[in-house]
2 protein chains.
Amino acid sequence: MSLDKVKALTFDTGGTILDWHTGFSTAMADVGAKHGIEKDWGSLANEMRRKSLGRMLRLGENEPPTYNFDDSHRMSLDEVCAANGLDAFSEEERRTIWWDRAHNLQCWPDFPDTLPKLRSKYICASFTILSFRIIIDTARKNGLSWDAVISCEAIGKYKILPEAYAGCAKFLQLDPSECLMVACHNFDLDAAKAAGYITAFVRRPDEWGPEGPPDPEPNPQHDIIVDTFPELAEAVGAA
Amino acid sequence: MSLDKVKALTFDTGGTILDWHTGFSTAMADVGAKHGIEKDWGSLANEMRRKSLGRMLRLGENEPPTYNFDDSHRMSLDEVCAANGLDAFSEEERRTIWWDRAHNLQCWPDFPDTLPKLRSKYICASFTILSFRIIIDTARKNGLSWDAVISCEAIGKYKILPEAYAGCAKFLQLDPSECLMVACHNFDLDAAKAAGYITAFVRRPDEWGPEGPPDPEPNPQHDIIVDTFPELAEAVGAA
């Protein structure tokens, strides 16, 4: 595998860059504390994530999407609340979770100092199923400067549909083989690989909190497999 | 007019931020010099601009676009060459004009230091009929960090269609009245205003070189009218 042709790094952003688990579980715990409710908030945050992700993957396959990831967060939180006796959470309180916290997620600490190094050599774009606005707001909060945000919101076809990967490469005016997809998820990277991308698996063992990620072991087909973003920078010659 | 509600500044980018006239006229002159040809290159650059702009405005009105602004630059340059006895320009030489130079245009000198000030208070997005890739590449060249690039390429409807302005606001998840459109062109600002945006006219008297812009006087309906980007920063409380 040669990286000579690679011109752009496209980053899965939720999970790979942003720590949604800590964000959502602490936001839920904060609201719970107001009501004197104790729950396994980490587990509920994961439940919300599973539901919201499930709503987004392959969205647009048969008809144009009618909602984005913010709507998905809202709907999924409502379901989690209904199923777990959290009806006391007001609409306003829920919004502090599905909007405020989603737009203020912290990124993993090894990323902010590495992004400028990667950008010195490659176009670095967020390529995400999250909404444009989540990426814009979290980038501002974490001091990240993406070269562009390519949200599936703009493609109308969501990962892991092949049209999503083709659409991102088209907007970048690159052949898929000139794009390196960076993610901590096999499902995303496998689909990118099938669409002709080079792939890099970056391990994020804390993505799901103590529960651990559902699919932590990188499929061996990926071109780069690393534990950290500085290691990724080394691997792509931008350290 | 109150700016209290404004959360995002959306920037027309070709012309308002980027000096296409100097870029294209010098690139054409360089190729002409190789062939010992003398022409009024500034005038030919303007002809190329008129043609390429004409191909893009309202694109997507009746059917999905089949080309982007890079294609438009290529087709328009071919027409200018054919009409002006420049058949000697090779395909490779033409590419140095319509691709290489378009992706390396200089921005106006009063913008790079002002953008971070504007970003400290507002989301600042390129909202453009240019391709994603032109904005990505010119931002990298000029050291600009946009919060996002919203290209009409992703909306499928180009300015001055109302759907373009609605689409940009939708991706930002803002009401149009929370968006301040910044441009040096009445046609863009008038359409933005009609779509509910607040508008700021920034004069760029050199956009068309010595010939001068075709419509330099701001329509009085615009909410802010200034000569420079530092003046814009003052006007929006971000100086």
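Residues numbered from 1 in each chain as written. Chains lettered and ligands numbered in written order. Predicted model: local features only at pLDDT ≥ 70, side-chain atom pairs only at ≥ 80, totals over all residues. Heavy atoms only, no water.

1. Description of the domain arrangement of chain A
Residue and element names in this part refer to chain A.
1) Next: Domain annotation of chain A identifies domain 1 (8-19 + 106-235) and domain 2 (20-104).
2) Next: Here the C-alpha centre of domain 2 lies 22 Å away from the C-alpha centre of domain 1.
3) Next: In this assembly, 27 residues from domain 1 lie in contact with 24 residues from domain 2.
4) Next: Both faces considered, domain 1 and domain 2 share a buried interface measuring about 2,200 Å² in area, 57% of it formed by carbon and sulfur atoms. (Domains from an automatic or database assignment. Contact = heavy atoms within 4.5 Å. Buried area = accessible area lost by both parts, 1.4 Å probe.)

2. Description of helix α4 (residues 91-101) of chain B
1) Next: Buried within α4(B) are the following residues: B:E93, B:R94, B:I97, B:W98 and B:W99.
2) Next: Those residues of α4(B) hidden inside the fold are in contact with α1 (20-34), α2 (41-56), α3 (69-83) and α6 (132-142) of chain B. (Buried < 20%, exposed > 50% of the residue type's maximum accessible area, 1.4 Å probe, protein only. Helix = DSSP H or I, 4+ residues; strand = E, 2+ residues; numbered from the N terminus.)

3. Things to note about the relation of the copies chain B and chain A
1) Next: For the pair chain B and chain A, the best superposition has an RMSD of 0.0 Å and corresponds to a rotation of 180° with a translation of 0.0 Å parallel to the axis. Given the turn and translation reported, the copies of this chain are related as if by a two-fold rotation axis.
2) Next: A high fraction, 100%, of the interface residues of chain B reappear at the interface in chain A, so the copies pair face to face through one surface. (Least-squares fit on C-alpha atoms with pLDDT ≥ 70 in both.)

4. Remarks on the nonpolar core
1) Next: Core analysis: the largest hydrophobic core is formed by 168 residues, its most contacted members being A:F11, A:F127, A:L232, B:F11, B:F127 and B:L232.
2) Next: Contact partners of A:F11, with chain neighbours within four places excluded, come to A:I17, A:F111, A:L118, A:C124, A:A125, A:S126, A:F127, A:W146, A:M181, A:V182, A:F229 and A:L232. (Core = buried A, V, L, I, M, F, W, Y, C linked by side-chain atoms within 4.5 Å.)

5. Quick look at the sheet that holds strand β6 (residues 224-226) of chain B
1) Next: If you walk across this open sheet you meet the six strands as β3-β2-β1-β4-β5-β6 (chain B), and the pairing is parallel. With one partner strand each, in any of the chains shown, β3 (148-151) and β6 of chain B form the two edges of the open sheet. On average, each strand axis in the sheet is tilted by 25° relative to the strand beside it, whichever way the strands run.
2) Next: Sitting on the sheet, helix α6 (residues 132-142) of chain A is in contact with β2 (123-128) and β3 of chain B, with an inclination near 135° to β2(B). (Pairing = 2+ DSSP bridges. Axes fitted to C-alpha atoms, helices over the stretch in contact; angles between N-to-C directions.)

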